[in-house]
Amino acid sequence: MLKIKKALLTVALVFLSCSIWAQNLRNYVCIVRGNLSQENKEFLTDLEDALESYGHSRYAKYIDSFLTGTFGSGFVWYGPDSKPYIVTNRHVAGGYESADITFENADGSVTEFKDLKIVFSDSDVDIALIELPSSFNRAGLLFTSKKLTDGEDVFSAGFPGLGGEPGWQFGKGIVSNSSARIKDLIDPELSTLIQHTAQVDGGNSGGPLLIKDANAKAGYRVCGVNTWTAVARQNTNFAIPVSTIDSIVKTRYIKKTSVSFDARSAAFLKAIKGDDYSAVVPFISNDMVSKSGETALKEVLTKAPSAVYSSVSAVFVANPIEGLRYALAYKVYSTVRSDNETTEIKSAVDETKDSKTGKSVAFATGDVTINSFWIEEQGTWKIFSADGIKAATKKDSKKQNSSQKKTSSKDSSTDSSKDESKKSSSSSVTIEDPYMISVAGGFSMNIKDSSAGFEITALYRSEYFSFGACIMKDVVVTGSSYEIKVMDYGPMLTLSIPIKTGNFLIVPFAEGKLGIVMPDDKDLIFDLGAFYSGIGGGIEVAYCLDSIAPYVGVKYNATFYNDDYSGKTLTTNHLVIFAGIRFFSY
């Protein structure tokens, strides 16, 4: 009996120590909130207006949510220079002018530090350092030098979102792959990753992955920084090893060792040759994002393959600025890359452009030359501009209106300004159809004899061309004077010019059809050939909502049949009035 009591006491003490250590971790792990610069706020507000005017209301809402504030996690670490820092992910803090951090104390109070300087960020390994004030007196977490093994216990700590607000979470799992090589996330030549099953949710990014160490003051040591979660698999999370972080910080921040252009360009060519466009993301500069991100995003939303559209959208939801960077990465990748030709550097010359000092770099892909301009940003070379990637055009009136929106949303005059801004931006005219699918049906009237019929269409839509299927009921008078009711079934192709102004989409179009003819009455003598063709044209007017757009239209149709009795071509002419709905916005 005594042995059982001792065993139970030991188990209780273990659980109690784990609880105390987990509670103690709150002294080291914090909430990180980035503060956008005024310039970035204005840029994103302009982009929000532009997306609203294009009909991409869903993406405009993501920006609005982002502007109200996002958060991630971080932890205290004393660097090689003995100064205190918050370690977090670059995608949590790297794009901001400054950061606020919050510690939740054991007694329920909070300790905050405002407007801290982000002194280092690295896009290659997705880490950032936030400098703490010299008066900061909390201890930091220690990095482990221990090599992890598969199956080893690990712990996650951070502040994932719960009801839109950060909430403390401490999770436990195991190392499922101590040295995962995931080239879609990070170049394996730079670092492998720790794959693990400890709980990681949105808001955990930047938080520590820990192993127990009874000799450490916190009871744990850091073995990695939680950064990614695999969406398609359960309990599959990835952390950047602390050995990589320590090495990068020492070389690129403490020693200020910059990556040479030759090394950087070689890495870029390697990324271009790969199968994943996201490998180009670290080469996109912040200047390029602000200059050309809007046009790149628009092209991805309307023209990119579904896999690219999905990945860019997923990033945009979490961080619109990073979403723009991904859109630009795809644009650069698809512009420079060739499946059949090798891409190489033709020339690289020092130059000053738009008050930026950098290098004009020409890439040769077969007989095609693509010119680009590179600058040094945060200690590494990145693309400032490139052929085929247009800068967004901004109207002065739009900028003026957007600047009025920066005051507090509680101010009623700001609400008025915001409404005026959106009215102004919504008056812009673009050529685009932001919807993928349309279904319509309508009344068809024979212009000659007023006989009635109907038409149903379903189309897959792109910007200028659409294709799909059509079912039409028609009445044909044959050469033997039979009046035959027929059903026409077949594919159709349309050529259109979608003109978008505000929430309205006006689409003049021409169409062509080809298909089979079936008698409506099977017992009737059928004098027509088996096939029909048709041409027509008309106009549609749609009202764009978030992800759907109801529309109405009118068109003229001429349908041609072969008369087996007379050998002639018979024509029916119709006026069609129809209504439908577009959906699945890009």
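Residues numbered from 1 in each chain as written. Predicted model: local features only at pLDDT ≥ 70, side-chain atom pairs only at ≥ 80, totals over all residues. Heavy atoms only, no water.

In terms of regular secondary structure, the protein is built from 11 helices and 28 strands. When the 586 residues of the protein are sorted by exposure, 49% land in the buried category. For the protein, contacts bridging at least 24 residues in sequence account for 63% of all contacts bridging at least 6. With an accessible surface of roughly 27300 Å², the protein has 55% of that area assigned to carbon and sulfur atoms. (Helix = DSSP H or I, 4+ residues; strand = E, 2+ residues; numbered from the N terminus. Buried < 20%, exposed > 50% of the residue type's maximum accessible area, 1.4 Å probe, protein only. Contact = heavy atoms within 4.5 Å. Areas by Shrake-Rupley, 256 points an atom, 1.4 Å probe, with all protein chains shown as cover.)

On to the nonpolar core, then. Soluble globular proteins tend to bury their nonpolar side chains together. Counting 64 residues, the largest nonpolar core has Val32, Ile86, Ile101, Phe268, Val280, Val332 and Trp374 as the members making the most contacts within it. The element contributing the most residues to this core is helix α9 (residues 320–336), with 9 residues. With residues up to four places along the chain from it excluded, the contact list for phenylalanine 268 reads Val280, Phe283, Val332, Phe363, Trp374 and Ile383. With 34 residues, the next largest nonpolar core counts Leu25, Val29, Ile127 and Tyr220 among its residues. (Core = buried A, V, L, I, M, F, W, Y, C linked by side-chain atoms within 4.5 Å.)

Moving on, we get to the pairing of strand β11 (residues 193–196). Side chains Leu193 and Gln195 of β11 all project onto a buried face; the interleaved residues Ile194 and His196 project onto the opposite face, where all are buried too. By the bridge criterion, 3 bridges tie strand β10 (residues 169–180) to β11 in an arrangement that is antiparallel. When the sheet's bridge partners are listed, asparagine 177 is paired in β11 with glutamine 195. Pairing between β11 and strand β14 (residues 237–241): 3 bridges, direction antiparallel. (Pairing = 2+ DSSP bridges.)

Attention now goes to helix α3 (residues 57–68). Since the α-helix packs 3.6 residues into each turn, any two residues three or four apart lie on the same face. Here α3 is 12 residues long and its end C-alpha atoms lie 17 Å apart, about the 16 Å a rise of 1.5 Å per residue gives. Among the residues of α3, those classed as buried are Ser57, Tyr59, Ala60, Ile63 and Phe66. (Expected span 1.5 Å × (residues − 1).)

A few words on the sheet that holds strand β5 (residues 110–122). Around the barrel, 6 strands lie side by side as β1-β2-β3-β6-β5-β4; this closed barrel has antiparallel pairing. In this sheet, adjacent strand axes meet at a mean angle of 40° when their direction is disregarded. In the sheet, strand β2 (residues 72–78) pairs with strand β3 (residues 84–88) via 4 bridges, with the strands oriented antiparallel. Looking at β3, one finds that tyrosine 78 is bridged to proline 84. On top of the sheet, helix α5 (residues 242–254) reaches β2, β3, β5 and β6 (127–131); it is set at about 70° to β5, its chief contact. (Axes fitted to C-alpha atoms, helices over the stretch in contact; angles between N-to-C directions.)

By secondary structure assignment, the location of valine 308 is in helix α8 (residues 306–318). Distance from valine 308 to tyrosine 330, taken between C-alpha atoms, is 7.7 Å for residues 22 residues apart in sequence. Valine 308 has contacts with Tyr277, Val300 and Tyr330, leaving out every residue within four places of it along the chain.

The subject of this paragraph is the confidence of the model for the protein. This prediction gives the protein a mean pLDDT of 83; 87% of its residues lie at or above 70. Across residues 395–427 the pLDDT falls below 50, and counting only partners more than four positions away or on other chains, this stretch makes 42 contacts in the model. (pLDDT = per-residue confidence, 0-100.)

So, about the pattern of salt bridges. Applying the stated criterion across every chain, the model contains 26 salt bridges. The partner of aspartate 187 in a salt bridge is lysine 270, and the shortest N-O contact between them spans 3.6 Å. Of this pair, aspartate 187 sits in the loop between β10 and β11 while lysine 270 sits in helix α6 (residues 261–273), and the two are 83 residues apart along the sequence. The exposure class assigned to aspartate 187 is partly exposed, which follows from its relative accessible area of 29%. Under the relative-accessibility criterion, lysine 270 is labelled partly exposed at 41%. (Salt bridge = Lys/Arg side-chain N within 4 Å of Asp/Glu carboxyl O.)

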